[in-house]
Amino acid sequence: MSTHKHEATHVFQIAKKAAQTSAWFIEGSAETNSIYWDSDAEMLIRDMFINGFFFRIPDLWQIEGTWLMYKIGNYICNVIWDEFGEEGFKNIYDNAETKNFENNLESSIGVNLETLDRKVQASLVQRYSYLLRRSDITDDSKKITEGQVLLSSHERFFLTGGMKGPRNVMYINHLEEDGR
């Protein structure tokens, strides 16, 4: 069902002659209209934020046409929808034929791309910054002896292995109660 709504949104965009809007807006608003938000988008955007590679609006040209652009565009369009609602989108589409995208945004919702980018970044921080304070699984992990790999683990026992001379060697390891 969501694929149909996504593609139907493109039919609407063509009818509104929205070719002057940016690709991230075209695909992002189609995603927003069809699914609003889904687990794929949540996973991707959260991961991009936590790892510091969420693309800012001026840099979206680097990923144009990719799945990343769809999902980042979806997030940005959700920010627009949450603040400016259906009326904001209606205004953007009504002005799409006669104005370039940046001028369209300014006259339709009263923000330029720089301000919109700041709103998006603020939204990301508000939504995901608590995750940056969490400890990582590696904070409590045990370093394996150089040249070995983890083969299996169960509770406090784990198997490691690796090459020792011409042979493969396997080690059975045990963690004490305190994790050593």
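Preceding block: the structure.
Residues numbered from 1 in each chain as written. Predicted model: local features only at pLDDT ≥ 70, side-chain atom pairs only at ≥ 80, totals over all residues. Heavy atoms only, no water.

### Description of helix H2 (residues 23-34)
Our working rule: Secondary structure elements follow DSSP: runs of H or I no shorter than four residues count as helices, runs of E no shorter than two count as strands, and numbering proceeds from the N terminus. Here a helix's expected span is defined as the number of its residues, less one, multiplied by 1.5 Å. Residue exposure (1.4 Å probe, protein chains only): buried if accessible area is under 20% of the type maximum, exposed if over 50%, otherwise partly exposed. Two residues form a contact once any of their heavy atoms are found within 4.5 Å.
The terminal C-alpha atoms of H2 lie 17 Å apart, and with 12 residues this matches the ideal 16 Å at 1.5 Å per residue to within 8%. With 10 of 12 residues buried, H2 is to be regarded as a mostly interior element. Buried within H2 are the following residues: Trp 24, Phe 25, Ile 26, Glu 27, Gly 28, Ser 29, Ala 30, Glu 31, Thr 32 and Ser 34. Packed against the buried residues of H2 are helix H1 (2-15), helix H4 (67-95), helix H5 (101-109) and helix H6 (113-128).

### A short note on the pattern of salt bridges
In plain terms, the rule: Each reported salt bridge corresponds to a side-chain nitrogen of Lys or Arg within 4 Å of a carboxyl oxygen of Asp or Glu.
Enumeration over the complete set of coordinates arrives at nine salt bridges. A salt bridge links Lys 16 to Asp 94; the shortest N-O distance between them is 2.8 Å. Of this pair, Lys 16 sits in the loop between H1 and H2 while Asp 94 sits in helix H4, and the two are 78 residues apart along the sequence. Here Lys 16 falls in the partly exposed class, since its relative accessible area comes to 27%. A salt bridge links Glu 42 to Arg 127; its shortest N-O distance comes to 2.7 Å. Taken together, the residues span a long stretch of sequence, with Glu 42 in helix H3 (residues 39-50) and Arg 127 in helix H6 at a distance of 85 residues. Glu 42 sits in the buried class, given a relative accessible area of 18%. Under the relative-accessibility criterion, Arg 127 is labelled partly exposed at 37%.

### Description of the packing of H2 against H4
Quick note on the threshold: Axis definition: a line fitted to C-alpha atoms, limited for helices to the stretch in contact. Angles are taken between N-to-C directions and run from 0 to 180 degrees. With respect to orientation, any angle under 35 degrees is reported as roughly parallel, any angle over 145 as roughly antiparallel, any angle of 65 to 115 as roughly perpendicular, and every other angle as oblique. Charged means Asp, Glu, Lys or Arg here, nonpolar means Ala, Val, Leu, Ile, Met, Phe, Trp, Tyr, Cys or Pro, and polar covers whatever is left, Gly included.
At their nearest, the axes of H2 and H4 sit 7 Å apart, and the two run at 80° to each other. Looking at the two axes, H2 sits roughly perpendicular to H4. Across the interface between the two elements, Ala 23, Trp 24, Phe 25, Glu 27, Gly 28, Ser 29, Glu 31 and Thr 32 from H2 touch Met 69, Tyr 70, Lys 71, Gly 73, Asn 74, Ile 76, Cys 77, Asn 78, Ile 80, Phe 89, Ile 92 and Tyr 93 from H4. Residue classes in the contact of H2 with H4 are distributed as 11 nonpolar, six polar and three charged.

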